[in-house]
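Topology and contacts: notes
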Amino acid sequence: MPRLSEVIAALENLWPAERAESWDAVGTVVGDPDQEVSRVLFAVDPVQEIVDEAVKLDADLLVTHHPLYLRGTTTVAASTFKGRVVHTLIKNDIALHVAHTNADTADPGVSDALAGALDLRVVGPLVPDPADASGRRGLGRICELDHPLTVRELALKAAERLPATAQGIRVAGDPEATVRTIAVSGGSGDSLFDQVRAAGVDAFLTADLRHHPVSEARAHSPLALLDAAHWATEWPWCELAATQLDEISDRNGWGLRVHVSDTVTDPWTAHAASNPPTRTTGAPN
């Protein structure tokens, strides 16, 4: 069995820490470099229910997309929920490694996995990494559809192909408009509207779209917007990453058992659809 340091070296080769944004917190959070690793679990969020799943699975390493301590801390006391995560990991000899924005811009990365889940053909990055001479790395992806779909059909396909969440898929724009090209970006994407418009695509699928940025984006162009749950747009990366580690394990003869968590850690748990409006006099005061 490989040591943790060997597995982490392989993961760092896939998602180098130096490619993370300056504000990000990636890399190994918990773990003894000399401990042996035989079972690995991939998940989006390092929350207690995922850590409990890793304990039940008897995993030696948990790899998550989201950081545990993004803004730093002064305590890991078990009286805090993040401190309890740390205590559970250490007590059960489970290491935690994070690949966040360095996985977003990787080739392949988070948005490649999102595009793959929707059967989209990737043309290139939405925001290219200027340090990548090949022009393949960067944030988001510009994609083409194999055959045109209406916005409505594309939203239904996204709802079918992405993991089910309470939110589902929200749409801004004409549901009957034709989509031939689309930009996708896993996670929060409403800071990318300028780049999306510059790409000249018909639609943009991302997560965490807010009222005012969407309203302004719709005023600028007929661009259709598809808003999925943050967790759902990033979960496909876990499957991609697990496949990558499986291949590395096979090449090195490590015999790792690699798993992907199906636990839904999207924080929204229910959705009540609005009734059709019966009057048009405006919202109540």
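Structure's up top.
Residues numbered from 1 in each chain as written. Predicted model: local features only at pLDDT ≥ 70, side-chain atom pairs only at ≥ 80, totals over all residues. Heavy atoms only, no water.

**Focus on the overall build of the protein**
Operational definition: Where helices and strands are cited, they refer to DSSP runs of H or I of at least four residues and of E of at least two residues respectively, numbered from the N terminus. Only C-alpha atoms enter the radius of gyration; for comparison, a globular chain is expected to reach 2.2 Å times N to the power 0.38, where N is the number of residues. Each residue's exposure class comes from its accessible area (1.4 Å probe, protein chains only) as a fraction of the maximum for that residue type: buried when under 20%, exposed when over 50%, partly exposed otherwise. We call two residues contacting when some pair of their heavy atoms lies within 4.5 Å. With residues, only the protein chains shown are counted as cover, and all accessible areas are computed by Shrake-Rupley using a 1.4 Å probe.
On a plain count of helices and strands, the protein comes out with 9 helices and 11 strands. Relative to the globule expectation of 19 Å for 285 residues, the C-alpha radius of gyration of the protein, 20 Å, shows essentially globular dimensions. Taking the principal axes of its C-alpha atoms as reference, the protein extends roughly 65 × 50 × 30 Å. When each of the 285 residues of the protein is scored for burial, the buried share is 48%. Across the protein, every contact between residues at least 6 apart in sequence was considered, and the portion connecting residues at least 24 apart equals 65%. Of the accessible surface of the protein, which amounts to about 14,300 Å², a share of 50% is contributed by carbon and sulfur atoms.

**Details of the pairing of strand E3 (residues 61-64)**
What counts here: Note on pairing: DSSP must find at least two bridges between two strands before they are called paired. Looking down the strands as they point away from you, a crossover is right-handed if its path from the first strand over the helix to the second goes clockwise.
Alternating residues of E3 divide into Leu 61 and Val 63 and Leu 62 and Thr 64, and every residue in both groups is buried. The sheet contact formed by strand E2 (residues 39-43) and E3 spans 4 bridges and is parallel. If you follow Val 40 over to E3, its bridge partner there is Leu 61. Traced from E2 through helix H2 (residues 48-57) to E3, the parallel crossover comes out right-handed.

**Some thoughts on the sheet that holds strand E11 (residues 257-260)**
Applied cut-off: Axes here mean lines fitted to C-alpha atoms, for a helix over just the part in contact, with angles spanning 0 to 180 degrees between N-to-C directions.
Read across the open sheet, the 5 strands follow the order E1-E4-E3-E2-E11; overall the sheet is mixed. One side of each edge strand has no neighbouring strand; the edge strands of this open sheet are strand E1 (27-30) and E11. Taking the axes of each pair of neighbouring strands and ignoring which way they run, one obtains an average angle of 25 degrees across the sheet. Pairing analysis gives 4 bridges linking E2 to E11, with the strands arranged parallel.

**With respect to the environment of Leu 11**
Secondary-structure assignment places Leu 11 in helix H1 (residues 4-14). Here Leu 11 falls in the buried class, since its relative accessible area comes to 0%. Residues Leu 11 and Gly 83, spaced 72 residues apart in sequence, show a C-alpha to C-alpha distance of 25 Å. Those residues in contact with Leu 11, other than ones at most four positions away along the chain, are Leu 61, Val 63, His 97 and Leu 245.

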